[in-house]
Amino acid sequence: MGAMVRRPVAFIAALVLFAEAVGIVIVNVVLGTVVKNQDMSLAGTDPGVMSKGTWVLGGVSGLFLVLCGVLLLLAGVRDRAPGRVARIVLIGCAVVHGVLGALTVGLVGWPAFAFMMVVLGLIVLTLVAYGPAEEETATGAGPGQPTAPAPV
C-alpha cells in the first residue's frame, strides 16, 4: 500500500481515537455521577468508591486512547512505521477494540459493534500499511529471522 493511502488512514485513525477518548471520558463521568447521586450500594460496596473508580477508569481509558492517537498521528506525519513499543501499544489497542466490540453486540447493539470494528480496522490497516519497523528492514531480517548469520 502506497504513501497515498497509508498517511490519510493514519490521520483518520488518530482523529477517530481522539474523538473516542472524549466520548469514553464523558460516558464514564456521567456514569460515575449517576452512581454517586443514586447513593445505592452493590453488594455492600461504597457508592463513593464506585463513583471515583468509574471516573478514574474513564480518565485512564481516555489517556490510553489519546496515547494511541498520538502514536498514529506521529506515524502519519513522519510517514514511517511506528517503533517496536508503539506497535505493541497499538496492537494492544486493537485487541481491546476487538474484545469490546464483541461485548457491545449484546450490551449496546449492532451500531456500537460496527463502530468498534471500524476503529479496529483503521488501527490494523495502519499497522499493516506501514509494515515492519525500519530496524528490521534495515538489517534485512524479518520477524523471526536472525539478524546475523549463524556461526559455523
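Structure's up top.
Description of the structure in this document. This structure is a prediction, so every number in the text was calculated from the model and none was measured.

The helix and strand inventory of the protein chain stands at five helices and zero strands. What you see in the protein chain, going N to C, is helices and strands ordered as α-α-α-α-α. Considering the protein chain as a whole, with its 152 residues, one finds that 29% of them fall into the buried category. The long-range share in the protein chain, meaning contacts at least 24 apart out of those at least 6 apart in sequence, stands at 68%.

The next subject is the packing of aromatic side chains. This model, assessed by the stated rule, comprises one aromatic pair. Considering the side-chain rings of Trp-110 and Phe-113, the 5.4 Å spacing of their centres and the 85° angle between planes classify their relative orientation as edge-to-face. Placement of the pair is Trp-110 and Phe-113 together in helix 4 (residues 110-130), with a separation of three residues, close to one helical turn. The class of Trp-110 is exposed, set by a relative accessible area of 58%. What makes Phe-113 partly exposed here is its relative accessible area of 24%.

All right, on to unusual backbone geometry then. With phi around 55°, Asp-79 is a residue other than glycine that occupies positive phi space. For Asp-79, the position within the fold is in the loop between helix 2 (47-78) and helix 3 (84-107).

Parameters and conventions
Residues numbered from 1 in each chain as written. Predicted model: local features only at pLDDT ≥ 70, side-chain atom pairs only at ≥ 80, totals over all residues. Heavy atoms only, no water. Helix = DSSP H or I, 4+ residues; strand = E, 2+ residues; numbered from the N terminus. Buried < 20%, exposed > 50% of the residue type's maximum accessible area, 1.4 Å probe, protein only. Contact = heavy atoms within 4.5 Å. Phe/Tyr/Trp six-rings, centres within 6.5 Å; stacked < 30°, edge-to-face > 60°.

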